Amino acid sequence: MVEIELDGKKVSVAEGSMVMHAADAAGTYIPHFCYHKKLSIAANCRMCLVEVEKAPKPMPACATPVTQGMIVRTKSDKAIKAQKSVMEFLLINHPLDCPICDQGGECQLQDLAVGYGGSSSRYQEEKRVVFHKNVGPLISMEEMTRCIHCTRCVRFGQEVAGVMELGMIHRGEHSEITTVVGETVDSELSGNMIDICPVGALTSKPFRYSARTWELSRRKSVSPHDSTGANLIVQVKNHQVLRVVPLENEDVNECWIADRDRFSYEAVNSPQRLTQPMIKQGGQWQAVDWNTALGYVADGLKRVKVEFGAESIGALGSVHSTVEELHLLAKLVRGLGSDSVDHRLRHADFTAGEGVQWLGTSIASLSKLERVLVVGSFLRKDHPLFAQRIRQAARHGAKVLSLNAAHDDWAMPVAAQITAAPGYWAQALADIAGYIASARGIQAPVQAMVSPQAEVVANALLSGERKAILLGNAAAQHPQASTLLALANWIGEQTGATVGFLTDGANRVGAQLVGAQPKSGGLNAGQMLSKPMKGLLLLNVEPTLDAADAAAARAALQGSGLVVALTSFKDAAVDNADVLLPIAPFTETGGCFVNAEGRVQAFHGVVRALGDSRPAWKVLRVLGNLLGLPGFGHESVEEVRAEALGDVAGIPQRLSNVSKAGLQPAASPQGLQRLADVPIYSTDGLVRRATSLQLTADAKAPVAHLPKAVWDQLGLKEGGRVRVSQGQGSVVLQAVLDTNQAASVVRVPAGHPDTAALGAMFGPITVEVA
């Protein structure tokens, strides 16, 4: 530690720290623009000039290292004069448009100009003008004349998002920030540039001119999308959500959120919102009151139970639903006498082990890993904030290793990649295990094959400290998911690596904790979506978009009896539904999500429910009472939570990535295999209906990614189209050559209407020229 004197106070900070860090530790504010605690130091705004004793001139606090005995004055005449001079320079070309600027009221330049700016300008010359730029549907760069060239946005792209999409061109007064990679900013974390911009140069395009910041009330919430559980501040005016920004939580999302966390609120205000219960009569939807709708559902379920037996009734819940909703859904179905309830809609392997599958380590520890093997994950798009943490680890020397059938650009250095078709993933892990066993002089768990890439991965895992093996969404949804986990566990035991699932959805861990899956002989999600059910409850589910086999789900629904959809949207993709019950999205209801590390995060509704929609937990509670089931007398969401989770402090002991499967990989299939990713803006009902997100590059129409061997065999040219077929279903898609893909793999996205006619996410597939 180094001790310095700051404004007359003794402050101790770590050696190598800057004066700015010492000021933060002492609680002393030094004005600044370019400095940000999560970004590298640029020292280009010069607003943080301070007086350092024996220095010939004022020094930038953000870039001046502390030395033992240093004396710093931040409020001296010399420091204040230097800061005021810098402010005068910054305001020479800055437009006087605060009254129409979206940043007004939360602008650092505006605030500091009050303290350090003059009452009038000494300059009479014309101000410079920078022409506006269109960089996409999310970020507005309409007023780049406001830019003060702090380069926070540039450094964010390089260091956090991993892609330098913005850069500075020209010099001096002619400097400007512009796109340097393409014409648009397409990063899945791009919205954070809006937050870190200290002026009104980068603003939110969907929020633009919607409200003044002082008119907004601010309420805490939690993201319902991926398993990070990002903490949010939802900003509201007149009972309408107008903006979402991050709530800092160093252990979860730091000070960042993904674009889908930030902009999915548009769906909450969508004209497609379902605002009153609907019953289908004579093929036509009729609006009814709640008493009629719930009475109809209760009578229908009773009739199904009497005529066909309780086992003919099932329920499917979404991993984006709250703990309380999934608990009551499971309780209701079991109260009727059935155990057919599940949340694993996209899974193909249901032979889960004991315990609750989770990340296997803390989220914060991902930033400090030295070795990480990621199996079956489209990391950047599946888990943007986890990818960001692993990217920070890679910047500090961590070796990132990947096993997948296609390798996207993760915007980070990847030390080794094993490219194998999905049917060979288990064998690839067995090969890694074989090299580890050979190095340690022990018996290999299964027969391994020679593989140079597997040897590189094995040697990497045998070295270093702080190691993790992370199974992604595709690994969890794989037909051999249990075998993949068993092999990963063996490798983890031999190398000292933690093993865990990145987990899909905001509440996958919570769904397991409350038992929203069969316990004793009930049907799993795959069975309920492959054969007609006499009674089926759907909670936040659009089967043809959320199922592992969209074609089978559509066929099953067409033959089902009573289908009741609890949904927030009247255009929900629920074929053959008989009743639509309007439930509130996360902004209008209370509840909690359990993120990938097992952290329980509760939230409250931030606006009142739209129209006649109601929180799903209340709908299920009333339905349970109408069915005459015991234990549905809850008065509050907290009461439901206490019943669902029990002692929250004991949750870590219930988390365990155990597999009952053997280590022997199944025989690999022949022919072409499908690899199905779920596009980042197709994962759930909210992002599918967020207008701005659907205009981004990541939401473009799905294409068929073909390996070079198939491309050449079909004689395709750029822009060619192919017919992709699975079973009885086929779709025509544009073909794209992908040289980073296994030779026998055809990559076709799932979760999108354009590919909903196809079958299983993993399985045989055929391709022909359209």
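For every chain, the first residue of its written sequence is number 1, and the numbers climb from 1 along that sequence. Where totals are concerned, whole chains, interfaces and linings use all residues; where local detail is concerned, this predicted model gives features only for residues with pLDDT of at least 70, and gives and counts side-chain atom pairs only at 80 or more. Just so you know, side-chain values use all the structure's heavy atoms and leave hydrogens and water out.

## Things to note about the overall build of the protein chain
Note on conventions: DSSP H or I runs of at least 4 residues are helices, E runs of at least 2 residues are strands, and numbering of each starts at the N terminus. Check the secondary structure of the protein chain and you find 23 helices and 34 strands. In this description the radius of gyration comes from C-alpha coordinates, and the expected globular size is given by 2.2 Å times residues to the power 0.38. By the compact-globule yardstick of 27 Å for 770 residues, the protein chain fits well, its C-alpha radius of gyration being 28 Å. Based on the C-alpha atoms only, the size of the protein chain along its principal axes is roughly 90 × 70 × 55 Å. Note on exposure labels: buried denotes an accessible area under 20% of the residue type's maximum, exposed denotes more than 50%, and partly exposed covers the range between, all computed with a 1.4 Å probe on protein chains only. Across the 770 residues that make up the protein chain, the buried fraction comes to 61%.

## Describing the pairing of strand β2 (residues 9-13)
Look at any regular strand and the pattern is simple: side chains alternate between the two faces of the sheet. Across five bridges, strand β1 (residues 2-6) lies against β2 in antiparallel orientation. Residue pairing in the sheet places I4 in a bridge with V11 of β2. By this definition, two strands are paired if DSSP reports at least two bridges between them.

## Focus on empty space enclosed by the protein
Two kinds of site are reported from a 1 Å grid over the protein atoms alone, namely cavities, where a 1.4 Å probe fits but cannot get out, and pockets, open sets with protein on both sides within 12 Å along at least five of seven lines, and residues are called lining when an atom falls within 4 Å of a point. Grid points are joined across faces, edges and corners, and a volume is the space filled by probe spheres set on the points. All told, the structure shown has four cavities of 30 Å³ or more when counted by the stated rule. Here the largest cavity defines a volume of roughly 650 Å³. Considering the residues around the largest cavity, the lining is formed by 50 residues, among which S318, H320, T683, D684 and G685 are closest to the centre. Elements with a contribution of two residues or more to the lining of the largest cavity: α9 (379-382), α13 (473-476) and α22 (685-688). Sorting elements by how many residues they give to the lining of the largest cavity places α22 first, with three residues. Roughly 140 Å³ of volume is contained in the second largest cavity. H347, D349, A352, Q357 and R508 are the residues nearest the centre of the second largest cavity, which is lined by 18 residues in total. Elements with a contribution of two residues or more to the lining of the second largest cavity: α14 (481-495) and α15 (508-513).

## A short note on helix α10 (residues 384-395)
End to end, α10 covers 16 Å across twelve residues, agreeing with the expected 16 Å (1.5 Å per residue, within 8%). By the criterion of burial, α10 is predominantly enclosed, with eleven of the twelve residues buried. Looking at α10, one finds that the buried residues are P384, L385, F386, A387, Q388, R389, I390, R391, Q392, A393 and A394. Two residues or fewer past α10, G397 is found with a positive phi of approximately 105°. By this rule, a helix spans an expected 1.5 Å times one less than how many residues it contains.

## Some words on the environment of E635
Within the fold, E635 resides in the loop between α19 (616-626) and α20 (637-645). The class of E635 is exposed, set by a relative accessible area of 65%. If we ignore the near neighbours within four places in the chain, the residues touching E635 are W617 and R621. Contact between two residues is taken to exist if any of their heavy atoms lie within 4.5 Å; hydrogens are not considered.

## Quick notes on the UniProt feature "domain: 4Fe-4S His(Cys)3-ligated-type" (unreviewed entry) in the protein chain
According to UniProt, the "domain: 4Fe-4S His(Cys)3-ligated-type" (unreviewed entry) feature falls on residues 78-117. In this annotation, residues 78-117 is assigned 57% helix and 0% strand; the end-to-end C-alpha distance for the span is 16 Å. UniProt positions are given in the numbering used here, feature names are shortened, and annotations may be inferred rather than shown by experiment.

## Concerning the sheet that holds strand β11 (residues 217-222)
Pairing in this open sheet of three strands is antiparallel, and the strands run β11-β12-β13 from one edge to the other. Each edge of the open sheet is held by one strand with a lone partner, namely β11 and β13 (240-246). Neighbour to neighbour, the strand axes of the sheet diverge by 35° on average, direction disregarded. Sheet topology note: the β11/strand β12 (residues 231-237) ladder contains six bridges and is antiparallel. Bridge pairing in β12 places R219 opposite V234. Every angle, taken between N-to-C directions, lies between 0 and 180 degrees, and every axis is a line fitted to C-alpha atoms, over only the stretch in contact when it is a helix.

## Considering a nonpolar patch on the surface
For patch building, the residue pool is restricted to those with more than 30% relative accessible area and no salt bridge; the joining distance is 9 Å between like charges and 5 Å between nonpolar side chains (Val, Leu, Ile, Met, Phe, Trp, Tyr). Under the convention used here, a 1.4 Å probe and the Shrake-Rupley method define accessible areas, while residue burial counts only the protein chains that appear. Salt bridges are counted wherever a side-chain nitrogen of Lys or Arg sits within 4 Å of a carboxyl oxygen of Asp or Glu. Side chains of M164, I169, V180 and V181 sit close together on the surface and give an oily, nonpolar patch of about 320 Å² of accessible area. Among the secondary structure elements, V181 is positioned in the loop between β9 (176-179) and α5 (192-196). Classification of V181 by relative accessible area gives exposed; the value is 61%.

## Things to note about the pairing of strand β26 (residues 591-594)
With burial as the criterion, each face of β26 is covered, one bearing G591 and F593 and the other bearing C592 and V594. Bridge count between β26 and strand β27 (residues 600-603): four bridges; the pairing is antiparallel. Counterpart to V594 in the pairing with β27 is V600. Following β26, the chain reverses through five residues before pairing antiparallel with β27; G598 in that reversal takes a positive phi of roughly 90°.

## Re the pattern of salt bridges
Evaluated as defined, the whole model comprises 36 salt bridges. Between E188 and K381 there is a salt bridge, with the nearest N and O atoms lying 2.9 Å from each other. With E188 in the loop between β9 and α5 and K381 in helix α9, the pair connects residues that are 193 residues apart, well separated along the chain. Notably, a salt bridge pairs E643 with K331, separated by 3.0 Å at the nearest N-O pair. Remark: K331 occurs in helix α8 (residues 323-335) and E643 occurs in helix α20; sequence separation between them is 312 residues. A residue is classified by how much of its surface remains accessible, and E643, at 38% relative accessible area, is partly exposed. Members of the salt-bridge network, linked through shared partners, are R346, E542, D546, D571, R688 and R689.

## Section: the sheet that holds strand β7 (residues 139-141)
On the basis of which strands lie adjacent, the open sheet formed by three strands has the order β6-β7-β10 and antiparallel pairing. Pairing within the sheet leaves two strands with one partner each, and these edge strands are β6 (133-134) and β10 (203-204).

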